[in-house]
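These are the residues of each chain, in order.
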Amino acid sequence: MTTIWIDGKYYDRNTAVVSVFDHGLLYGDGVFEGIRAYSGRLFRLDAHLDRLYGSAKGICLDIPMTKPELHALVTEAYAKSQMRDAYIRLVVTRGVGDLGLDPRKCPKPSIICIVDTIRLWPADRYEQGLVCLTAATPISHKESLSPRIKSLNYLAHILAKIEGIAASVDEVIMLDSAGYVAEASGMNLMAVSNHTLRTPPPYSGILRGVTRDAVLEIGRDAGYAVEQLPLNRYDLYTADEVFLTGTAAEVVGVSRLDGRAIGCGRAGPVTKDLAARFRALANRHD
Ligand code: PMP
């Protein structure tokens, strides 16, 4: 059952509301995480919390709970939902202030935890792969709003997504402001060539995905070589396979990019192998 916690109280879908003076709403001033639970277990909650506190620090936001307290809260809200497989959205906003953007006017940040489900595409896309387009909209400049901060400002990614919708494709690939391949609208990206996984380095100005890191670990354990280096569209067009990783998307192949078939033109064998290994890891109890 959808379960929502806001600043100390539980609500349901109809009663959970935020103030119109919350700077998360007025200015996108806040940070968030998307976390999955599989078979009764939260997947890599600590890694998500580390990233959340890093994002908050990046925008000078003091989360009014310690990491162990927030860990306990997410665990409690998930247990209360009685869902075994779930998607959890944890949001920390600057809180309620006035209509000016000065964050000093917001005395207390707000914490929101939503336990629900998510599905990005029909199941057949995981077999067929996604049809993708390189968006004209780049991710934000790394010295403007760092893409390493998972902030409530997703407009660049949403504008890219709108380009994809207008072109009737499943997903978009975004470049950074220097023209290197960065990520998809809410996913990291990997290219497979000759049993090597290639992906942009985490410090180049992309969001360092929890799924990305898990897949790199799984890939290394399975004997794939891993290279973290700047990639161009050429590297994607000529790869054996390209796939995307994200908490909501999990591991999903790219079949076509910019009208060109990638590899065999469906989710390839390495993508499927890593997707199966990821699923096994996520559902493992140890
Ligand atoms: N990039 C962006 C822009 C994202 O929003 C996400 C989703 N959080 C990712 C990458 C993938 O990160 P993760 O695997 O931690 O979900």
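Residues numbered from 1 in each chain as written. Predicted model: local features only at pLDDT ≥ 70, side-chain atom pairs only at ≥ 80, totals over all residues. Heavy atoms only, no water.

A. Fine view of the site of the ligand. Lining the immediate surroundings of the ligand are 16 residues, of which Lys150, Tyr154, Val210, Thr211 and Thr247 lie closest. Arg51 is positioned such that a nitrogen or oxygen atom in its side chain is 2.8 Å from an oxygen atom of the ligand. Within the contact set of the ligand, an oxygen atom lies 2.6 Å away from a side-chain nitrogen or oxygen of Thr211. Burial of the ligand by the surrounding chains reaches 95%, relative to a free accessible area of 380 Å². Counting residues per element, the ones that place at least two in the shell around the ligand are helix H6 (210–221) and strand S13 (241–246). Of the residues contributing to the shell around the ligand, the split by class is four nonpolar, nine polar and three charged. (Near = heavy atom within 4 Å. Polar contact = N/O pair within 3.5 Å; in protein donor to acceptor, adjacent residues only side chain to side chain. Areas by Shrake-Rupley, 256 points an atom, 1.4 Å probe, with all protein chains shown as cover. Helix = DSSP H or I, 4+ residues; strand = E, 2+ residues; numbered from the N terminus. Nonpolar A, V, L, I, M, F, W, Y, C, P; charged D, E, K, R; others polar.)

B. View of helix H3 (residues 67–81). With 15 residues, H3 should reach 21 Å at 1.5 Å per residue; the first-to-last C-alpha distance of 21 Å fits that figure. Phi turns positive, to about 60 degrees, at Gln82, one or two residues after H3. (Expected span 1.5 Å × (residues − 1).)

C. Broad picture of the sheet that holds strand S1 (residues 3–6). A sheet is described by the order of its strands in space; here six strands give the open sequence S2-S1-S6-S5-S3-S4, paired in antiparallel fashion. Taken across any chain shown, the strands that pair with only one partner, and hence form the sheet edges, are strand S2 (9–11) and strand S4 (41–42). Here seven bridges tie strand S5 (residues 86–93) to strand S6 (residues 110–116), and the two strands are oriented antiparallel to one another. In the sheet register, Ile88 faces S6, and the bridge partner there is Val115. Here helix H2 (residues 45–58) sits on the sheet and contacts strand S3 (30–38), S4 and S5; the angle it forms with S3, its principal contact strand, is near 175 degrees. (Pairing = 2+ DSSP bridges. Contact = heavy atoms within 4.5 Å. Axes fitted to C-alpha atoms, helices over the stretch in contact; angles between N-to-C directions.)

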